[in-house]
Amino acid sequence: MAGISGQDNDESSATTLQNGSPKSQSVTATVNGNEKMKLNGEEGTDQPLVNGCCQEVARTEESLGEEAGEEGAKNDKEIVLIQDMGFNVQIQIPGGNPIELPVSSMELVQEIHQVLMDREDTCIRTCFSLQIDGVTLDNFAELKSIEGLKEGSVIKVVEEPYTVREARIHVRHIRDLLKSVDPADAYNGVDCNSLSFLNTVTVGDILDKKRSKPDSVDCTPPDFIMPSSKERPLLPLHPGLKDLKGPQCLKVLTYTGWNPPPGNRRMHGDLLYLYVLTLEDKKYHITASTRGFYVNQSTEDEFNPRAAQQKFLSHSLVDLLNQISPSFKRNFSILLKKRGQKHPFERVPTPYQIYSWMAPQSEHSVDYIRAEDAFSTRLGYEEHIPGQTRDWNEEIQTTRELSKKTLPERLIRERAIFKVHSDFVGAATRGAMAVIDGNVMAINPGEDAKMQMFIWNNIFFSLGFDVREHYKDFGGDYAAYIAPGNDLQGVKAYFNLDSEGLYTLGTAVIDYRGYRVTAQSIIPGILDREQEQSVVYGSIDFGKTVVTCDKYVELLQKTAPQLKIFPHKVLSDKGDEVELYTSLECKGIIGNDKRHYVLDLLRTFPPDINYLPIEDEPLSKIMQEHGYPKKHPHRLACLRQELIEAFVETRYVAFVRHAAYQFQQLQQQSQKKADENKDQKLVPQELELDGLEETPE
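Here goes a summary of the coordinates provided. Please read these numbers as outputs of a predicted model, since none were measured by experiment.

1. Observations concerning a nonpolar patch on the surface
Item 1. A cluster of nonpolar side chains, Leu234, Leu237 and Trp357, forms an exposed patch at the surface whose accessible area comes to about 390 Å².
Item 2. Here Leu234 shows up in the loop between helix 4 (198–202) and helix 5 (241–244).
Item 3. Residue classification places Leu234 among the partly exposed positions, given a relative accessible area of 45%.

Here it is in structure tokens:
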């Protein structure tokens, strides 16, 4: 874990080193010029670097000219040297032994919170603060800004009073712990969970490197992969399903029907009411109060919020369940050990979510919290911005505009871009599911279902159908289904160019229940005017009218060579000749924020003619022998950008080899001519010498 920040007095620092690294490292990066990196102390100082702490930043600037007024010259070469040294702190847990934790000075206090909520011995706590010498630490403060924090400092974990939000977060966290080894959420893609068989495939080698290897290993292949086998089961593609199943700790954990607490009980500190059915078939009604959790005397039919005769008040719900259910205590400890056997990367939800295209039939157990999530809107909950939704377009474009002159600034920028895009994809996925499930009203409800469009959480959703016969000549609905994928590839290409002044929309393509949904951020002002008034570059009617703009020409002139797009001229129906640097369908729109956007990039890359029967242009004889051109349901088959880059690189290599060969031939010819001329000069000299020898004295 490493925090990233800037420093005053024109100093910057950043690190992404892992905690606990015992090696000495230093990083040298040259910005706005050549780049190089030195590791393991080479060309560094004698100070060791561990855990990313106590950095020293040295900046060297070389000017191209000696006059101070030359702008940009001083930034021609800028070297940032980052050196860090880690230290350990003691974490004092209530009722437990202190634990030693390696930290970095660039970490945030909140990152220590996350570590403690993930550790096996502290994962049952969620509502707490960290204090040092009686002073509560700010969650968003960097450790280097805390006075008195040094090697061996003691940080106390102090339990804080619950709020309704903190109580709900605590209950959800306990539910996640109970399901932490169950692959059901990963198969369903809940909360960015993805399947991982890392530990299964490596047989634990990643975590336990000292494990002794067996003398012999049975390498006999199973029968179902042999050529003679008639059955090809899919279940073996999901290894370790039995091992992934953890022990059951509770039969039921849910909110009761007595929620929310009445006004008089709120005055007493009641926040939530829970219902628990233990493995011993005992029913308990639990009160979540500001002080913690305790068993009350309520039943299914009678509301009695007073505490039970055996008064167990626990700040953590797990501590309370340990006291009232021996089976829970035993199985929960087994569950935590099983969870600890998983690699840390397997326990953390990944923003690069992977959805499984197949899933085995599993037991469907009772989970009221899962049911509550399925039938309740989370708009605004996941963003933690009460009362408003996020402006996705502004966030995406603002993060791109962050400074990227120095290495620390680039790291901060990349982290911000990654976080915003991950949140956008998550919100777009939930919105697309809500649209297909019919939980979002269309902005044009009078239109046919295929033509309806939706706006949810400041995201625009459209379905993959040929609604206005735009793709009539390209394959109809088949082409409309493929177009969003091609457009996404074009957006990725322009976004990765990172061209200053040219912007793309946040875009996600979601396939759900047989529908293809395109989710896009909204250009400011685009909904307040007609499309004809908005487009200042490109065509909105497939070439009948084509417009251009000097600013877009200036911006796209920079991107065209990088994308291997040759400038070309097109004729409109009126005979006007317009030079374009993109495909004809690409549109340029200037938003109310004065940013220049490009969209509809579905034909950014050249078509694959192996799937396009073109008259008067037959394919080669070899291609025809292999059955090309293939009959395809649509005419939007395009080449991948990787293929184009590989083709160009291959041609460059072939050109260099040819040029080198020609240069070698020229050198050999020149050398041969030089040798011939030398021989021709030597022959007369030899004859002259022979004549001198024959002349008598």
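2. As for the pairing of strand 10 (residues 154–159)
Item 1. Two elements, strand 6 (residues 87–92) and strand 10, share three bridges in a ladder whose sense is parallel. Residue pairing for strand 10: Ile91 is matched across the bridge by Ile155.
Item 2. Two elements, strand 8 (residues 128–132) and strand 10, share four bridges in a ladder whose sense is antiparallel. Considered in strand 10, the bridge of Gln131 is made with Lys156.

3. Describing the sheet that holds strand 10
Within a sheet, adjacent strands bond to each other through the backbone by hydrogen bonds, running parallel or antiparallel.
Item 1. Pairing is mixed in the open sheet, where five strands are placed in the order 7-6-10-8-9. Looking at which strands have only one partner, the edges of the open sheet turn out to be strand 7 (99–103) and strand 9 (135–136).
Item 2. Contacts from helix 1 (residues 109–118) reach strand 6, strand 7, strand 8 and strand 10, with the element oriented near 120 degrees to strand 8.

4. What about the nonpolar core?
Item 1. With 34 residues, the main nonpolar core has Leu178, Ile286, Phe293, Leu317, Leu321, Phe328 and Phe332 as its most contacted residues.
Item 2. Counting 24 residues, the second largest nonpolar core, distinct from the first, contains Val491, Cys549, Val553 and Val578.

5. Considering the environment of Val154
Item 1. Assignment of secondary structure puts Val154 in strand 10.
Item 2. On the accessibility criterion, Val154 (41% relative accessible area) is partly exposed.
Item 3. Expressed as a C-alpha distance, the spacing of Val154 and Gln131, which sit 23 residues apart in the sequence, is 8.7 Å.
Item 4. When sequence neighbours within four positions are dropped, the list of residues in contact with Val154 reads Gln90, Gln92, Gln131 and Ile132.

6. So, the packing of aromatic side chains
Item 1. What the rule picks out here adds up to nine aromatic pairs.
Item 2. Centroid distance Tyr503 to Tyr597: 6.0 Å. Interplanar angle 45 degrees. Geometry classified as tilted. Taken as a pair, Tyr503 in strand 17 (residues 502–503) and Tyr597 in strand 24 (residues 596–599) lie far apart in primary sequence, 94 residues in all.
Item 3. Residue class for Tyr503 comes out buried when judged on its relative accessible area of 11%.
Item 4. Judged by relative accessible area, which is 0%, Tyr597 ranks as buried.
Item 5. On the numbers, 6.1 Å between centres and 90 degrees between planes, the contact of Tyr611 with Tyr628 is edge-to-face. Of this pair, Tyr611 sits in the loop between strand 24 and helix 16 (621–625) while Tyr628 sits in the loop between helix 16 and helix 17 (641–694), placing them 17 residues apart in sequence.
Item 6. For Tyr611, a relative accessible area of 27% translates into the label partly exposed.
Item 7. The exposure class assigned to Tyr628 is partly exposed, which follows from its relative accessible area of 23%.
Item 8. Joined through ring pairs, the aromatic side chains of Trp258, Tyr273 and Phe303 make up one cluster.
Item 9. In this arrangement the basic side chain of Arg516 is found over the ring face of Tyr481, its NZ or CZ atom lying 4.2 Å from the centre.
Item 10. Above the face of the Tyr503 ring, Arg595 is positioned so that its terminal group lies 5.5 Å from the ring centre.

7. Description of the side chain of Thr287
Item 1. Inspection of the secondary structure assignment puts Thr287 in strand 13 (residues 283–289).
Item 2. Given the relative accessible area of 0%, Thr287 is considered buried.
Item 3. Polar side-chain contacts of Thr287 include one of 2.7 Å to the side chain of Asn296.
Item 4. Once residues within four sequence positions are removed from consideration, Thr287 is found in contact with Asp270, Leu272, Tyr273, Gly292, Phe293, Tyr294, Asn296 and Pro305.

8. Observations concerning the environment of Glu401
Item 1. Tracing the sequence through the fold places Glu401 in the loop between helix 11 (392–400) and helix 12 (407–436).
Item 2. C-alpha of Glu401 to C-alpha of Tyr503: the two residues are 102 residues apart in sequence and 10.0 Å apart in space.
Item 3. With near-sequence residues (within four places) excluded, Glu401 lies in contact with Tyr503 and Arg595.
Item 4. Polar contacts involving the side chain of Glu401 include one to the side chain of Arg595, which spans 2.9 Å.

9. A word on the packing of helix 11 against helix 12
Item 1. Running from N to C, helix 11 and helix 12 point in directions that differ by 160 degrees, and their axes come no closer than 9 Å. In terms of orientation, helix 11 and helix 12 fall into the roughly antiparallel class. Between helix 11 and helix 12 the crossing geometry is left-handed. For the pair formed by helix 11 and helix 12, the contact residues are Trp392, Glu395, Ile396, Thr399 and Arg400 on the first element and Arg413, Ala416, Ile417, Val420, His421, Asp423, Phe424 and Ala427 on the second.
Item 2. Looking at the contact of helix 11 with helix 12, its residues break down into seven nonpolar, two polar and four charged.

10. Concerning the pattern of salt bridges
Item 1. If you walk through the whole model with that rule in mind, you get 27 salt bridges.
Item 2. Here Lys587 and Asp600 are joined by a salt bridge, their closest N and O atoms 2.5 Å apart. Separated by 13 residues along the polypeptide, Lys587 in strand 23 (residues 587–590) and Asp600 in the loop between strand 24 and helix 16 bring together distant segments of the chain.
Item 3. Taking relative accessible area as the criterion, Lys587 reaches 8% and is therefore assigned buried.
Item 4. In this structure, Glu642 and Arg640 form a salt bridge, with 3.4 Å as the shortest nitrogen-oxygen distance.
Item 5. A relative accessible area of 49% places Glu642 in the partly exposed class.
Item 6. Linked by salt bridges that have partners in common, Arg400, Lys404, Arg413, Glu414 and Asp498 make up one network.

About the thresholds
Residues numbered from 1 in each chain as written. Predicted model: local features only at pLDDT ≥ 70, side-chain atom pairs only at ≥ 80, totals over all residues. Heavy atoms only, no water. Patch = residues over 30% accessible without salt bridge, like charges linked within 9 Å, V, L, I, M, F, W, Y side chains within 5 Å. Areas by Shrake-Rupley, 256 points an atom, 1.4 Å probe, with all protein chains shown as cover. Salt bridge = Lys/Arg side-chain N within 4 Å of Asp/Glu carboxyl O. Helix = DSSP H or I, 4+ residues; strand = E, 2+ residues; numbered from the N terminus. Buried < 20%, exposed > 50% of the residue type's maximum accessible area, 1.4 Å probe, protein only. Pairing = 2+ DSSP bridges. Contact = heavy atoms within 4.5 Å. Axes fitted to C-alpha atoms, helices over the stretch in contact; angles between N-to-C directions. Core = buried A, V, L, I, M, F, W, Y, C linked by side-chain atoms within 4.5 Å. Phe/Tyr/Trp six-rings, centres within 6.5 Å; stacked < 30°, edge-to-face > 60°. Lys NZ or Arg CZ within 6 Å of the ring centre and 35° of its normal. Polar contact = N/O pair within 3.5 Å; in protein donor to acceptor, adjacent residues only side chain to side chain. Parallel < 35°, antiparallel > 145°, perpendicular 65-115°, else oblique. Left-handed = near helix turned anticlockwise from the far one by under 90°. Nonpolar A, V, L, I, M, F, W, Y, C, P; charged D, E, K, R; others polar.

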